Amino acid sequence: AATGQAGWPILGLLSTINLRKSQAPEALNAEGVDGLADEVGLLFLAELSDALQTADVGALTRAGAAYLNRQAGLPTSQGSALASLTALATQALAAEGVQERLAILQTMQDALRQVIGSAAELDVALSTRWPLWALTQMSVDGFAP
């Protein structure tokens, strides 16, 4: 939230890097790294793509919640932390109250600290096929002055 309030565009920068990498498919993560080697991940990405193309925030929220529910029933070795973070970003984007949005963003921040601990891990996170950075930016933009 402090990032959004300060108007510092770090998430926009990360989103732009991710977008640029997506324009060079060889720069993207392998499907397995992004959790796209299974039906749960593929279904979530398809639902996200459809919702983003129609700018349907409700569909984004439902897709994210459905993914998190599906993941809850799977072994922890399946899926992708980046996919789960993307699902959380959809929930933050749709959060109705400031406190709810802040709580979700705090959870995301804590998880990102666990997932990204080095420059190489940041590169993997920026090379994802998931719209994590754009959705996170959209969630934080609500706090901008």
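You'll find the structure just up there.
Heads up: these notes are all about the structure in this document. Values in this document were obtained by computation on a predicted structure and should not be read as measured data.

Reading guide: rules and limits
Residues numbered from 1 in each chain as written. Predicted model: local features only at pLDDT ≥ 70, side-chain atom pairs only at ≥ 80, totals over all residues. Heavy atoms only, no water. Phe/Tyr/Trp six-rings, centres within 6.5 Å; stacked < 30°, edge-to-face > 60°. Helix = DSSP H or I, 4+ residues; strand = E, 2+ residues; numbered from the N terminus. Buried < 20%, exposed > 50% of the residue type's maximum accessible area, 1.4 Å probe, protein only. Expected span 1.5 Å × (residues − 1). Contact = heavy atoms within 4.5 Å. Salt bridge = Lys/Arg side-chain N within 4 Å of Asp/Glu carboxyl O.

## Regarding the packing of aromatic side chains
Part 1 of the reasoning: Applying the stated criterion across every chain yields a total of three aromatic pairs.
Part 2 of the reasoning: Pairing Phe44 with Tyr67 gives two aromatic rings, centres 4.5 Å apart and planes at 20°, and the pair type is stacked. Taken together, the positions of Phe44 in helix H3 (residues 39-53) and Tyr67 in helix H4 (residues 57-72) put the pair 23 residues apart, joining distant regions of the chain. With respect to burial, Phe44 and Tyr67 carry one shared label: buried.

## Focus: helix H2 (residues 10-22)
Part 1 of the reasoning: With 13 residues, H2 extends 18 Å from end C-alpha to end C-alpha; this agrees with the ideal 18 Å at 1.5 Å per step.
Part 2 of the reasoning: Inspection of H2 places Leu11, Gly12, Leu14, Ser15, Asn18 and Lys21 among the buried residues, and these make up the whole buried set.
Part 3 of the reasoning: Its buried side turned inward, H2 meets helix H7 (119-126) and helix H8 (132-141).

## Observations regarding the pattern of salt bridges
Part 1 of the reasoning: Under the definition given, this model contains three salt bridges.
Part 2 of the reasoning: Salt-bridge contacts for Lys21 lead to Asp123; the nearest nitrogen and oxygen are separated by 2.7 Å. Residue Lys21 is found in helix H2, and its partner Asp123 is found in helix H7; the two are separated by 102 residues along the sequence.
Part 3 of the reasoning: In this structure Lys21 comes out as buried when scored by relative accessible area, which is 18%.
Part 4 of the reasoning: Asp123 gets classed as partly exposed once you look at its relative accessible area, which sits at 38%.
Part 5 of the reasoning: Where Asp110 meets Arg113, a salt bridge forms, and the shortest distance between an N and an O atom there is 3.8 Å. Residue Asp110 and its partner Arg113 are located together in helix H6 (residues 98-115), separated by three residues, close to a single helical turn.
Part 6 of the reasoning: The exposure class of Arg113 is exposed, given its relative accessible area of 55%.

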